[in-house]
Amino acid sequence: MNLSGGNGSAGTTDLISRIGGLKQDVDILLQQLSEGEYLSVDTFANNWIHLTQLYSRIQEHMSNRALMDKLVHSDLLLAADLLAVGRMIAVMDNFLRCAVITR
């Protein structure tokens, strides 16, 4: 899915709507990762990779100040949730990076 929005408020509104749709997919993966019973670490890792790739499609637009201002004013909970998910992903990525460092 291409997330490039058009110019103006209509483009921003459309982009926010598409980000909300992607966030629903992120939520499904988060639920699977947090509540699923995995038979192998590989399956968990595969879902983790899908989550981070999906979130990166959202995150690339979060540096757009106009978009984030509109998102904060139109859906504060979505904006806060997106930021929280990003922090959680950063924490887990750091943990995984530290876990593979040989000492």
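Residues numbered from 1 in each chain as written. Predicted model: local features only at pLDDT ≥ 70, side-chain atom pairs only at ≥ 80, totals over all residues. Heavy atoms only, no water.

## Section: the nonpolar core
Then step 1. One finds L51, I58, L71 and L82 to be the most contacted residues of the largest nonpolar core, which totals 21 residues.
Then step 2. Secondary structure elements with two or more residues in this core: α1 (8–35), α2 (41–59), α3 (65–74) and α4 (76–100). (Core = buried A, V, L, I, M, F, W, Y, C linked by side-chain atoms within 4.5 Å. Buried < 20%, exposed > 50% of the residue type's maximum accessible area, 1.4 Å probe, protein only. Helix = DSSP H or I, 4+ residues; strand = E, 2+ residues; numbered from the N terminus.)

## Observations concerning the packing of aromatic side chains
Then step 1. Tallied over the full model, the rule gives one aromatic pair.
Then step 2. Centroid distance Y38 to F44: 5.3 Å. Interplanar angle 85°. Geometry classified as edge-to-face. (Phe/Tyr/Trp six-rings, centres within 6.5 Å; stacked < 30°, edge-to-face > 60°.)

## Digging into the packing of α3 against α4
The packing of two helices is summarised by the inter-axis angle and the distance between the axes.
Then step 1. Two numbers describe how α3 lies on α4: the axes approach to 5 Å, and their chain directions differ by 120°. As judged from the angle between their axes, α3 and α4 are oblique. Where α3 abuts α4, its residues L71, V72 and S74 lie against L76, L78, A79 and L82.
Then step 2. Split by residue class, the contact of α3 with α4 holds six nonpolar, one polar and no charged. (Axes fitted to C-alpha atoms, helices over the stretch in contact; angles between N-to-C directions. Parallel < 35°, antiparallel > 145°, perpendicular 65-115°, else oblique. Contact = heavy atoms within 4.5 Å. Nonpolar A, V, L, I, M, F, W, Y, C, P; charged D, E, K, R; others polar.)

## As for the environment of M92
Then step 1. When you line up the elements, M92 lands in helix α4.
Then step 2. In this structure, the C-alpha to C-alpha distance between M92 and W48, residues 44 residues apart in sequence, is 9.7 Å.

## Observations regarding the confidence of the model for the chain
Then step 1. In this model, the chain carries an average pLDDT of 88, and 88% of its residues clear a pLDDT of 70 or more.
Then step 2. Of all secondary-structure elements in the chain, the lowest mean pLDDT belongs to α1, at 89, while α2 reaches the highest, 94.
Then step 3. Contacts from residues 1–6, a stretch scored under 50 in pLDDT, to residues over four places away or in other chains number 17 contacts. (pLDDT = per-residue confidence, 0-100.)

## Re the environment of T13
Then step 1. As for its placement among the helices and strands, T13 is situated in helix α1.
Then step 2. In the structure, T13 is positioned 61 residues away from S74 in sequence and 9.3 Å away in space, judged by C-alpha atoms.
Then step 3. Of the polar contacts made by the side chain of T13, one reaches the side chain of K70; its length is 3.4 Å. (Polar contact = N/O pair within 3.5 Å; in protein donor to acceptor, adjacent residues only side chain to side chain.)

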